[in-house]
Each structure stands twice: as C-alpha cells, then as structure tokens.
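Geometric and topological summary
Given next are the chains, with one letter for each unit.
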Amino acid sequence: MDSITLKSSHLYIPGEIATKVFGDDPQAYLAYQAERGTLLIAAVSQQWFYKMHKPSQHLLKTRNLQGDKTIALHEILIDNALDNQDRELEYTMQDTSGILKINL
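Report on the accompanying structure.

What counts, and where the lines are drawn
Every chain begins its residue count from 1, and numbering advances along the sequence as written. Predicted model: local features are reported for residues with pLDDT of at least 70 only, side-chain atom pairs are reported and counted for 80 or more only, and whole-chain, interface and lining totals are derived from all residues. Excluded from the side-chain calculation are hydrogens and water; included are all heavy atoms of the structure. Every case where a carboxyl oxygen of Asp or Glu lies within 4 Å of a side-chain nitrogen of Lys or Arg is listed as a salt bridge. Numbering goes from the N terminus for both helices and strands, where a helix is a DSSP run of H or I of at least four residues and a strand is a run of E of at least two. Relative accessible area decides the class of each residue, using a 1.4 Å probe on protein chains only: under 20% of the type maximum gives buried, over 50% gives exposed, and in between gives partly exposed. This arc describes the spread of directions from the helix axis toward the C-beta atoms. To define a nonpolar core, start from buried Ala, Val, Leu, Ile, Met, Phe, Trp, Tyr and Cys residues and group those joined through side-chain atoms within 4.5 Å. Residues count as neighbours in contact if any of their non-hydrogen atoms are within 4.5 Å of one another.

A full pass over the atoms with the stated rule returns 2 salt bridges. In this structure, Glu-16 engages Lys-20 in a salt bridge whose closest nitrogen and oxygen atoms are separated by 4.0 Å. On the criterion of helical spacing, the pair formed by Glu-16 and Lys-20 is a turn pair, its members being 4 residues apart in helix α1 (residues 15–22). Put simply, Asp-83 and Arg-87 hold a salt bridge, and the shortest N to O gap is 3.8 Å. Assessed through its relative accessible area of 40%, Asp-83 is described here as partly exposed. Classification of Arg-87 by relative accessible area gives partly exposed; the value is 22%.

What follows is about α1. Residues of α1 that are buried include every one of Gly-15, Ile-17, Ala-18, Val-21 and Phe-22, and no others. The buried residues of α1 occupy an angular sector of 160 degrees when projected down its axis, which confines them to one face. Count one or two residues on from α1 and you reach Gly-23, which has phi positive near 60 degrees.

Turning next to the nonpolar core. In terms of nonpolar packing, the biggest core is built from 22 residues, with Leu-11, Ile-13, Phe-22, Ile-41, Ile-71 and Leu-73 touching the most fellow members. Those elements that place two or more of their residues in this core are β1 (4–7), β2 (10–13), α1, β3 (27–33), β4 (38–43), α3 (74–79) and β10 (99–103). Take this core: its biggest share by element is 4 residues, from α1. Dropping the residues within four chain positions of it, Ile-71 is found in contact with Ser-9, His-10, Leu-11, Ile-13, Phe-22, Ala-28, Leu-30, Ile-41, His-58, Leu-59 and Leu-60. Ranked by size, the runner-up nonpolar core spans 7 residues in total, among them Leu-40, Ala-42, Val-44 and Phe-49.

Shown next as structure tokens:
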C-alpha cells in the first residue's frame, strides 16, 4: 500500500486507500484533534461522524486515473500552527468505521 503524504499543504491519498474510505463520495469530513495531533477523515456519507466530531467539509480532488485524491489542508495547518513541510505521514485506517486517522 502506498503512503499518505503532505505536499504543498495538500494531503495526497493513494487511490486504493481513497476508494476504501470514501467510495464515490466527492467530499470528506475532516476533524483535527489538537490534543492528539491527529486528523480524522471520513466520507460525507458517514453522518454519525458529523454528529460525533462536528467536522468541516472538504472537497476530494481526483488527481489521476488510479483514483488518487487530494484534500487542501491550508486552513487546518495555519489555524493550528502545524508544520506544513512536505513529508510522509503516519496513518491508520479503521475498516469497520471507515475512518482514516492521520498523525500531523
């Protein structure tokens, strides 16, 4: 499985991961947990995620025919004074709940 990366303040998610987490949803919910330094991401079809975390909604941009997706993180990085340096990010994918958990 490919890695999830931060590049030019955008989150790059490989197609294989994006398909599992988002399916055909064109948007995603993002919730940053400052106390844990963790970004939680779920498909907009996961209404329970919205009720539980009060996330912001972001556009999923398709990058290529393999289904790789990007999400602009400028606002989250700036608002939380996070490092915006390009790098690979540690993540876990929870298959049962459909949540992608990324350490920023």
